[in-house]
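The lines below spell out each chain.
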Amino acid sequence: LAKKEGKGKYVFYKNDFLKANIKTVNMANRLKNALDSEHLTLYYQPQVNFITGEIIGVEALVRWIDPERGFVPPIEFIPLAEETGQIYKVERWIFKTALEQKQKWEQNGLKHIKVAINLSSKTLTSDVNFRKLESLLEAYNVDYSTIVLEITETAIITDIHSAIRRLEILTKKGINIALDDFGTGYSSLSYLRNVPLNVIKLDRSFINSIQENGRELLIIKAILSLCKDLNYEVVAEGIETKEQLQFLQKQQCTIGQGYLFSKPIPIEILEPQLKSLTIK
Ligand code: C2E
Ligand code: MG
Ligand code: MG
Ligand code: MG
């Protein structure tokens, strides 16, 4: 009986495993198709200077609109693309699209608008693909000092020495590097002291805890003051309420993004706002 049960279980697991794989393969095929048939698009979330109310830059965020399934969120397909290796091609498409856009803005009097692009940890840890991205960056006539690449702690700590070496290639060109989602990982700013970072993006979970009180607030205050001493620019992520904004202003944090200002939006909606220079 035990043997029979065991056998049954094995079959069950095997089917489950197969199903999971079929799902992955299906998704991967659809993603390939999405790339070929241009079902990917970039949305842009404005980054705002709280003091002047101006849009100083945008973060490019990829969107997949599947004709059958509708909207597929990036947290679903970016990790899958990283697993299958499709990320390299997806990312080159993202960079191409964002850099083309940036180049157009520069030709149309919007030279000062910074463009932040997320860089997958896979690319930062792959020599071949990193080099391809480097030549892609060189193919566009853009002011590097207004390009920001957002990287995560994972990308750095996988191999910190290679990460530093590769990031230095970028910063020597004048490109800015932002540490994304700061506060969600385990490493400290002192561990990252040799990494050429210009910007620290304070994670949404930090900003969220501003509503709370006591120790959480002390931690954010300490981080903001440390960033200031270390000469990092701080961008607050996920600002949703006026209270959060007021707190940040009081701490002399002046740049951020979040639904309070704008969700990520398609280019047709963004451009008129850029031209009027201020939001709201
Ligand atoms: P991220 O780079 O930290 O991007 C910020 C995410 O927070 C975006 O989600 C954005 O829509 C969301 N967000 C912004 N403001 C608010 C707010 O006030 N409240 C809330 N609740 N959310 C806010 P999104 O676009 O779904 O992207 C999720 C993650 O997927 C990104 O996190 C990034 O890690 C990844 N991702 C998105 N686009 C790309 C891309 O083009 N390339 C790569 N490699 N990863 C990307
Ligand atoms: Mg980001
Ligand atoms: Mg982030
Ligand atoms: Mg995030």
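Residues numbered from 1 in each chain as written. Chains lettered and ligands numbered in written order. Predicted model: local features only at pLDDT ≥ 70, side-chain atom pairs only at ≥ 80, totals over all residues. Heavy atoms only, no water.

K.L.:
Even after reading the chapter, I still don't get the coordination of the magnesium ion (ligand 2), so can you show me in this structure?
P.N.:
Around a metal, the idealised angle for a tetrahedral arrangement of four donor atoms is 109.5 degrees; for an octahedral arrangement of six donor atoms it is 90 or 180 degrees. Every protein donor of the magnesium ion (ligand 2) is listed here as Glu 59 (OE), Asn 118 (OD1), Glu 150 (OE) and Asp 180 (OD), and their distances to the metal cover 2.0 to 2.3 Å. The motif formed by the donor residues of the magnesium ion (ligand 2), counted along the single chain, is E-x58-N-x31-E-x29-D. Taken as a pair, the magnesium ion (ligand 2) and the magnesium ion (ligand 3) lie 4.0 Å from each other and share Asp 180 as a ligand. Highlighted residues: Glu 150 in strand S5 (residues 147–151) and Asp 180 in strand S6 (residues 176–182), separated in sequence by 30 residues. Residue classification places Asp 180 among the buried residues on the basis of a relative accessible area of 7%. (Donors = N, O, S within 2.8 Å, 3.2 Å for Na, K, Ca; no water. Helix = DSSP H or I, 4+ residues; strand = E, 2+ residues; numbered from the N terminus. Buried < 20%, exposed > 50% of the residue type's maximum accessible area, 1.4 Å probe, protein only.)

K.L.:
I keep staring at the environment of Leu 202 and nothing clicks. Help me out?
P.N.:
With respect to the helices and strands, Leu 202 occurs in strand S7 (residues 199–202). Here Leu 202 falls in the buried class, since its relative accessible area comes to 1%. Along the chain, Leu 202 and Asp 143 lie 59 residues apart, while their C-alpha atoms are 25 Å from each other. With near-sequence residues (within four places) excluded, Leu 202 lies in contact with Phe 182, Ile 207, Ile 220, Ile 223, Leu 224, Val 234, Val 235, Ala 236 and Glu 237. (Contact = heavy atoms within 4.5 Å.)

K.L.:
Just to check I follow, could you spell out the coordination of the magnesium ion (ligand 3) for this structure?
P.N.:
Listed as protein donors to the magnesium ion (ligand 3) are Asp 180 (OD), Asp 181 (OD), Glu 237 (OE) and Glu 237 (OE); their distances from the metal cover 2.1 to 2.6 Å. Using a relative accessible area of 12% as the deciding quantity, one classes Glu 237 as buried.

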